[in-house]
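Structure at a glance
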Amino acid sequence: MVPLSEKQVVREYFNTTGFERWRRIYGQEQVNLVQQDIRQGHERTIQRVLDWLADLSPTQTVCDAGCGVGSLSLPLAQRGIPVFASDLSEAMVAEAQRRQQQLLGSLENPRFAVQDLEGIEGSYDVVVCLDVLIHYPEADALGMLSHLAGLARERLIFSFAPQTPLLNLLKKVGQLFPGASKTTRAYQHREQVLVQHLRQLGWQVTRRETIASRFYFAWTLETRPIGN
Ligand code: SAH
């Protein structure tokens, strides 16, 4: 039997058990304490990025790569920012559109699509990719950053789970990433490797946020072309 690629495993997960789990975490219904902790951590990441994007005007465009249920895209669209949002999971996109209809009363903006992020084309002022790289090993993650940087004119914002000695230890004793480990692997990344890779592409870090709670760890970087 041909082994499934990492991406096929991730797609399958986010169309089935992963969809149910994350739809609830990224929603408002009652969840368990671990999920509540992850929900709050994720909300902080989203809020921070919305703050960073507070200066955008409706003439600027945003691409939300791996948009999930639209946690970032929907509030941006509410501000009148044109958003293209895509995700490789049909289930996630369907849920995002259900929320869009409920919140905004139309399916015009954001424009949601089922598509993996490597398939995204075009050019956007800002490209955002939150909590996606955790699903991919380093080489894939670097390839994704190259692709996303090529789509962005002004800013590329992304988050990743950091690889630090403390987190490695916690992972070993099994306290970390409780849900994800049941189904997909959780990959941590070395910040220096990601930053170095972007530097080679001509991008530099302009803002940085580190959010860590008991079960949610995300470092978020805002990057811009060097010299801009
Ligand atoms: N960015 C959103 C969702 C994070 S959950 C947020 O922060 O709220 C991770 C999402 O990434 C899932 O919806 C999953 O389907 C999507 N994803 C994983 N790999 C992807 C890929 N290669 N291309 C596009 N989306 C991907």
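This text goes with the structure placed above it.
First, a word on what this report is: a plain description of the structure on this page.

The rules behind these values
- Residues numbered from 1 in each chain as written.
- Predicted model: local features only at pLDDT ≥ 70, side-chain atom pairs only at ≥ 80, totals over all residues.
- Heavy atoms only, no water.
- Near = heavy atom within 4 Å.
- Polar contact = N/O pair within 3.5 Å; in protein donor to acceptor, adjacent residues only side chain to side chain.
- Areas by Shrake-Rupley, 256 points an atom, 1.4 Å probe, with all protein chains shown as cover.
- Nonpolar A, V, L, I, M, F, W, Y, C, P; charged D, E, K, R; others polar.
- Axes fitted to C-alpha atoms, helices over the stretch in contact; angles between N-to-C directions.
- Helix = DSSP H or I, 4+ residues; strand = E, 2+ residues; numbered from the N terminus.
- Parallel < 35°, antiparallel > 145°, perpendicular 65-115°, else oblique.
- Contact = heavy atoms within 4.5 Å.
- Core = buried A, V, L, I, M, F, W, Y, C linked by side-chain atoms within 4.5 Å.
- Buried < 20%, exposed > 50% of the residue type's maximum accessible area, 1.4 Å probe, protein only.
- Left-handed = near helix turned anticlockwise from the far one by under 90°.
- Pairing = 2+ DSSP bridges.

By nearness alone, 21 residues border the ligand, and His 42, Gly 66, Asp 87, Leu 130 and Tyr 136 come closest of all. Gly 66 is positioned such that a nitrogen or oxygen atom in its backbone is 2.6 Å from a nitrogen atom of the ligand. Within the side chain of Tyr 136, a nitrogen or oxygen atom sits 2.8 Å from a nitrogen atom of the ligand. Relative to its free-state accessible area of 570 Å², the ligand is covered by the protein chains to the extent of 99%. Its residues assigned to classes, the shell around the ligand shows 11 nonpolar, six polar and four charged.

On to the packing of helix α1 (residues 6-15) against helix α2 (residues 17-25), then. Axis separation between α1 and α2 bottoms out at 3 Å; the angle between their running directions is 60°. Comparing their axes, α2 and α1 come out oblique. For the pair α1 and α2, contact is made by Tyr 13, Phe 14 and Asn 15 and by Thr 17, Gly 18, Phe 19, Arg 21 and Trp 22, respectively. Here the residues of the contact of α1 with α2 sort into four nonpolar, three polar and one charged.

Moving on, we get to the nonpolar core. Formed by 44 residues in total, the largest nonpolar core has its most connected members in Trp 22, Leu 117, Ile 120, Val 127, Leu 148, Leu 156 and Phe 158. The dominant element in this core, judged by the number of residues it contributes, is helix α6 (residues 138-151), at seven residues. In this structure Val 127 touches Cys 63, Leu 148, Leu 151, Ala 152, Arg 155, Leu 156 and Ile 157, once residues within four positions along its chain are discounted. With 21 residues, the next largest nonpolar core counts Leu 56, Cys 67, Leu 76 and Phe 112 among its residues.

It is worth spelling out the packing of α6 against helix α9 (residues 191-200) at this point. Where α6 meets α9, the axes come as close as 10 Å, and the angle between the chain directions of the two elements is 35°. Viewed along their axes, α6 and α9 form a crossing whose handedness is right-handed. On α9, the residues that touch Glu 138, Leu 142, Leu 145 and Ser 146 of α6 are Val 193, Leu 194, His 197 and Leu 198. When its residues are assigned to classes, the contact of α6 with α9 shows five nonpolar, two polar and one charged.

Hydrogen bonding along the main chain pairs the strands of a sheet, whether they run parallel or antiparallel. Across the sheet, seven strands lie side by side as β3-β2-β1-β4-β5-β7-β6; this open sheet has mixed pairing. The open sheet has two free edges, formed respectively by β3 (111-114) and β6 (203-212), since each of these has just one partner strand. The mean inter-strand angle of the sheet, taken between neighbouring strand axes irrespective of direction, is 15°. The pairing of strand β1 (residues 62-65) with strand β2 (residues 83-87) spans four bridges and is classified as parallel. Within β2, the residue paired with Ala 65 across the bridge is Ser 86. The sheet contacts of helix α5 (residues 90-104) involve β2 and β3, and relative to β3 the element is tilted by about 160°.

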